Amino acid sequence: MKPAAFEMHAPDDVAAVVALLAEYGDEAKVLAGGQSLAPMLALRLARFEHLVDLNRVGELSGISRMDGHVRIGAMTRHFEVEQSDEVVSAVPLLSRATAKVGHFQIRNRGTLGGSVAHADPAGEQPAVCVALDAVMEVCSAEGTRHQAASDFFRGTWTTALGPGEILSAVRFPVWSGRCGFAVEEMARRSGDFAIVGVVSAVEVDPGGAPTRAAVALFGVGATPVRAGAAEAALLAGASPAEAARAAIETIDPSDDLHASGSYRRKVAAVLVERAVDKALKEAGNA
Ligand SMILES: Cc1cc2nc3c(=O)[nH]c(=O)nc-3n(C[C@H](O)[C@H](O)[C@H](O)COP(=O)(O)OP(=O)(O)OC[C@H]3O[C@@H](n4cnc5c(N)ncnc54)[C@H](O)[C@@H]3O)c2cc1C
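All of these numbers come straight from a predicted model, not from anything done at the bench.

**Student:** Quick question: what am I supposed to make of the overall build of the protein chain here?
**Tutor:** Secondary structure assignment for the protein chain yields 11 helices and 14 strands. Taking 286 residues into account, the globule formula puts the C-alpha radius of gyration at 19 Å, and the protein chain, at 19 Å, falls close to it. With respect to the principal axes defined by its C-alpha atoms, the protein chain has extents near 60 × 45 × 30 Å. Considering the protein chain as a whole, with its 286 residues, one finds that 52% of them fall into the buried category. Residue pairs in contact within the protein chain that sit at least 24 positions apart in sequence constitute 61% of those at least 6 positions apart.

**Student:** Honestly, unusual backbone geometry in this entry has me stumped. Any pointers?
**Tutor:** Negative phi is the rule for most residues except glycine; trans is the rule for most peptide bonds. At Arg44, a position not held by glycine, the phi torsion is positive, near 60 degrees. The topology assignment puts Arg44 in the loop between α2 (37–42) and β3 (50–53). The phi dihedral of Ala119 falls on the positive side, at around 55 degrees, and the residue is not glycine. Relative to the helices and strands, Ala119 is located in the loop between α7 (112–118) and α8 (124–131). Accessibility expressed as a relative area gives 2% for Ala119, which makes it buried.

**Student:** When you look at the site of the ligand in this model, what are you seeing that I'm missing?
**Tutor:** The environment of the ligand is formed by 30 residues, the closest being Val30, Gly34, Ser36, Leu37 and Thr111. At 2.8 Å, a backbone N or O of Gly33 approaches an oxygen atom of the ligand. One of the side-chain N or O atoms of Ser36 is found 2.7 Å from an oxygen atom in the ligand. Summarising the interface, the protein chains cover 88% of the accessible area of the ligand, which totals 960 Å² for the free molecule. Among the secondary structure elements, those contributing two or more residues to the shell around the ligand are β2 (28–31), α7 and β10 (166–173).

**Student:** I'm lost on the side chain of Thr98 in this one. Help?
**Tutor:** With respect to the element layout, Thr98 can be found in helix α5 (residues 92–98). There is a polar contact of 3.2 Å between the side chain of Thr98 and the side chain of Gln125. Ignoring sequence-local partners within four residues, the contact set of Thr98 consists of His78, Val81, Glu82, Arg107 and Gln125.

**Student:** In this structure, what is going on with the nonpolar core? I would like to understand it.
**Tutor:** Most often, soluble globular proteins keep nonpolar side chains buried together rather than apart. Counting 39 residues, the largest nonpolar core has Leu94, Cys129, Met136, Phe172 and Val199 as the members making the most contacts within it. Among the elements that take part in this core, α8 stands out by supplying five residues, more than any other. Two domains each donate at least three residues to this core, and these are domain 2 (58–173) and domain 3 (181–285). For Leu94, the contacting residues outside a window of four places in its chain are Ile72, Val81, Val87, Leu112, Gln125, Val128 and Phe172. Core analysis: the second largest hydrophobic core is formed by 30 residues, Ala213, Val225, Ala268 and Leu280 among them.

**Student:** Would you mind showing me how to read the domain arrangement of the protein chain here?
**Tutor:** Interfaces are often sized by the accessible area lost when the parts come together. Per the domain assignment, the segments of the protein chain are domain 1 (7–53), domain 2 (58–173) and domain 3 (181–285). For domain 1 and domain 3, the distance between their C-alpha centres works out to 35 Å.

**Student:** What is the right way to look at helix α1 (residues 14–24) in this model?
**Tutor:** Note: α-helices contain 3.6 residues per turn, so residues at a spacing of three or four share the same orientation. Among the residues of α1, Val14, Val17, Val18, Leu20 and Leu21 are the ones counted as buried. Down the axis of α1, the buried set is contained in an arc of 155 degrees. They therefore lie on one face. Exposed residues on α1 whose side chains face more than 90 degrees from its buried face are Ala15, Ala22 and Glu23. Buried residues in α1 make contact with β1 (7–9), β2, β3, β6 (135–140) and β10. Two residues or fewer after α1 comes Gly25, characterised by a positive phi angle close to 55 degrees.

**Student:** For this particular structure, what's the right way to read the sheet that holds strand β13 (residues 210–218)?
**Tutor:** Sheet strands pair via backbone hydrogen bonds, and the direction of the pair is either parallel or antiparallel. The strand order across the open sheet formed by four strands is β11-β12-β13-β14, and the pairing between neighbours is antiparallel. With partners counted over all chains shown, the strands left at the sheet margins are β11 (179–186) and β14 (225–226), one partner each. Judged from the eight bridges that link them, β11 and strand β12 (residues 196–204) form a sheet pairing that is antiparallel. Directly across from Val183, in β12, lies its bridge partner Val199.

Reading guide: rules and limits
Residues numbered from 1 in each chain as written. Predicted model: local features only at pLDDT ≥ 70, side-chain atom pairs only at ≥ 80, totals over all residues. Heavy atoms only, no water. Helix = DSSP H or I, 4+ residues; strand = E, 2+ residues; numbered from the N terminus. Rg over C-alpha atoms; globule rule 2.2 N^0.38 Å. Buried < 20%, exposed > 50% of the residue type's maximum accessible area, 1.4 Å probe, protein only. Contact = heavy atoms within 4.5 Å. Near = heavy atom within 4 Å. Polar contact = N/O pair within 3.5 Å; in protein donor to acceptor, adjacent residues only side chain to side chain. Areas by Shrake-Rupley, 256 points an atom, 1.4 Å probe, with all protein chains shown as cover. Core = buried A, V, L, I, M, F, W, Y, C linked by side-chain atoms within 4.5 Å. Domains from an automatic or database assignment. Arc of directions from axis to C-beta. Pairing = 2+ DSSP bridges.

Quick look at the structure:
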């Protein structure tokens, strides 16, 4: 099928983007890498009178280090996030998770901002945002505001972005010290969306005991789920297996075409144990 007719706008700065969104309201949608939006338009699952292309807005791309954070512009492509030396060294959880997004063709076009704003419950990067307490930079005609990742993902394909707002960047806190990171997921085929996935980060003291822990699951609910009980258990000296048991107490996945909820819970337990174990070992060797 072909998409319904639309008018294409190609502004070259953020001010023009938000002015167009303010002018056209619900009839406008922004286009980033097009890897999710283009198929939805082609299949007529979505229809908009105006598309506002972000691809010429240079100020929305780029990776920079500032004040204990790495700031990544929304239009930065997945492959840049995956391969950037800055991200690989300062936010390794994000580069490793991004390497698992689709196939390389998708990562060449798809963007960090597109994935975060699209908020697919099985997406890797929203889970990393939640695990690392990332901060979302949001722009509109009214100016710029910041929102915690923990309050950004509201449901399947739904975020806290309001009318006329775009995601302009995401800021990821840098974990320094003796840290380890791991991404574990189960998908039917390489490149498919995960059925269940886990991201984990830990920091350990000189004796190898965890002093900081983050565990988030994806594919187990409408939004990424932060497993606070598992994190607390780890800080209290629990083993990865005990943390995994605590983690699955916090999820209640439902059945769908791909898997039953009970299957997802069982897989989640295995993946949390593996991810935490790997992160602890990496931290211990750091
Ligand atoms: C075969 C296939 C496999 C895939 N596998 C995975 C996978 O394993 N894991 C995964 O996470 N993703 C996967 N994806 C999705 C891919 O990561 C997309 O890149 C991503 O979902 C959307 O990014 P995009 O830049 O292409 O955004 P687009 O498709 O252009 O936009 C997606 C949505 O986000 C909105 N949007 C985009 N940018 C902004 C912004 N800056 N501010 C506000 N709204 C914005 C758009 O209006 C649209 O509603 C897959 C896609 C395909 C086709």
